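Below are the chains, spelled out letter by letter.
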Amino acid sequence: MPEITLTVLVLLCLAAAAAGWIDAVVGGGGLLLLPALLLGLPHVPAAQVLGTNKAVAVVGTTGAAVTYVRRAPVDVRAAVRIGLMALAGSMAGAFFAAGISSDVLRPVIMVVLLAVAAFVLLRPSFGRAADGDATARRVTRARAVTAVVLVGGGIGFYDGLFGPGTGTFLVLALTAVLHLDLVTASATAKIVNVCTNAGALAMFAYQGTVLWQLAALMAVFNLAGGLLGARMALSRGSGFVRGVLLVVVISLVAKLGFDQWAG
């Protein structure tokens, strides 16, 4: 492990905790965790930063997923099916990633996110309509297949190809396609994220690009943040998740915009 000052180590652990909280509530924790690692480890190869990021994130995501499954009405089998498709999609996306410039994708994603923010603001009922009857609302076979192919395969492919905001896109897509409330969508997204993170981590571990000691320490804080975020989302409901969602979407747009014009 590279030499890291105590100050940097403390800041990385705090960033891991905050990222775990954000990721558990609405996804998008990587928006904070990955830049923190890049800033804190400027001389470490990018592959090791990415591998360490996945090793940290998978722990917090798993903890949040377990908390949600215990306390929220999650269809675990459906979530796993979507997750397995997302795993395959992310592998395919990673295969094509080398041939596509992120400079081309970044403006497209910014436009999509701005449209999402406007939609959520103009539709206060989005993600709340199913609060009272989430378990009673019947999901048609067509919607279930769409969730697996579009949400799993499509967003999984995006995760492997580009990545930023994947958890947030999962929450939005699951809410729209399966008519889930935002809390249940967040819970389902965590299970899908566990699948994609585990697959990516396995590849990074095979390549030997994980700083395991640093990852283990940060993972403890990420897990704590993830457990706290999941409990807060469950106790405060969809209105709370909606507010955090808007903050994360706007932050992601700002980050992508900065990367686009600063680069």
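Definitions and limits used
- Residues numbered from 1 in each chain as written.
- Predicted model: local features only at pLDDT ≥ 70, side-chain atom pairs only at ≥ 80, totals over all residues.
- Heavy atoms only, no water.
- Patch = residues over 30% accessible without salt bridge, like charges linked within 9 Å, V, L, I, M, F, W, Y side chains within 5 Å.
- Areas by Shrake-Rupley, 256 points an atom, 1.4 Å probe, with all protein chains shown as cover.
- Salt bridge = Lys/Arg side-chain N within 4 Å of Asp/Glu carboxyl O.
- Helix = DSSP H or I, 4+ residues; strand = E, 2+ residues; numbered from the N terminus.
- Buried < 20%, exposed > 50% of the residue type's maximum accessible area, 1.4 Å probe, protein only.
- Core = buried A, V, L, I, M, F, W, Y, C linked by side-chain atoms within 4.5 Å.
- Contact = heavy atoms within 4.5 Å.
- Phe/Tyr/Trp six-rings, centres within 6.5 Å; stacked < 30°, edge-to-face > 60°.
- pLDDT = per-residue confidence, 0-100.
- Expected span 1.5 Å × (residues − 1).
- Bend = angle between axes of the 7 residues up to and from the residue.

Remarks on a nonpolar patch on the surface
Stage number 1. Together, Leu6, Val10, Leu11 and Leu14 line one region of the surface with nonpolar side chains, adding up to about 420 Å² of accessible area.
Stage number 2. Take leucine 6: it is sitting in helix 1 (residues 6–26).
Stage number 3. Leucine 6 sits in the exposed class, given a relative accessible area of 66%.

A look at the nonpolar core
Stage number 1. Within the largest apolar cluster, 49 residues are counted, with the highest numbers of intra-cluster contacts made by Val26, Tyr68, Ile82, Leu113, Val151, Leu174 and Val241.
Stage number 2. Setting aside chain neighbours within four positions, we find isoleucine 82 in contact with Ala147, Val148, Val151, Gly152, Leu174 and Val192.

Thoughts on the packing of aromatic side chains
Stage number 1. Under the definition given, this model contains two aromatic pairs.
Stage number 2. When the centroid spacing of 6.0 Å and the interplanar angle of 80° are considered together, the rings of tryptophan 21 and phenylalanine 240 count as edge-to-face. Remark: phenylalanine 240 occurs in helix 10 (residues 238–262) and tryptophan 21 occurs in helix 1; sequence separation between them is 219 residues.
Stage number 3. On the accessibility criterion, tryptophan 21 (21% relative accessible area) is partly exposed.
Stage number 4. Looking at phenylalanine 240, the relative accessible area reads 18%, which means it is buried.
Stage number 5. Residues tyrosine 158 and phenylalanine 169 carry aromatic rings whose centres are separated by 5.5 Å and whose planes lie at 90° to one another, so their mutual orientation is edge-to-face. In this pair, tyrosine 158 is assigned in helix 6 (residues 141–161) and phenylalanine 169 in helix 7 (residues 166–178), connecting sequence segments 11 residues apart.
Stage number 6. Look at tyrosine 158 and you get buried, because its relative accessible area is 12%.

A closer look at the confidence of the model for the protein
Stage number 1. With 86% of its residues at a pLDDT of at least 70, the protein reaches an overall mean of 81.
Stage number 2. Here helix 5 (residues 102–122) stands out as the least confident element of the protein, with mean pLDDT 69; helix 9 (residues 212–236) is the most confident, with 94.

What to know about helix 9
Stage number 1. Over its 25 residues, helix 9 runs 35 Å from end to end, which matches the ideal 36 Å to within 8%, given 1.5 Å per residue.
Stage number 2. Of all bends in helix 9, the biggest is about 25°, found at alanine 219.
Stage number 3. One or two positions beyond helix 9, positive phi appears at glycine 237, with a value near 85°.

Notes on helix 6
Stage number 1. Given a rise of 1.5 Å per residue, 21 residues ought to cover 30 Å, and the 29 Å separating the end C-alpha atoms of helix 6 matches this to within 8%.
Stage number 2. Within helix 6, the full set of buried residues consists of Ala147, Val148, Val151, Gly152, Gly153, Ile155, Gly156, Tyr158, Asp159 and Leu161.

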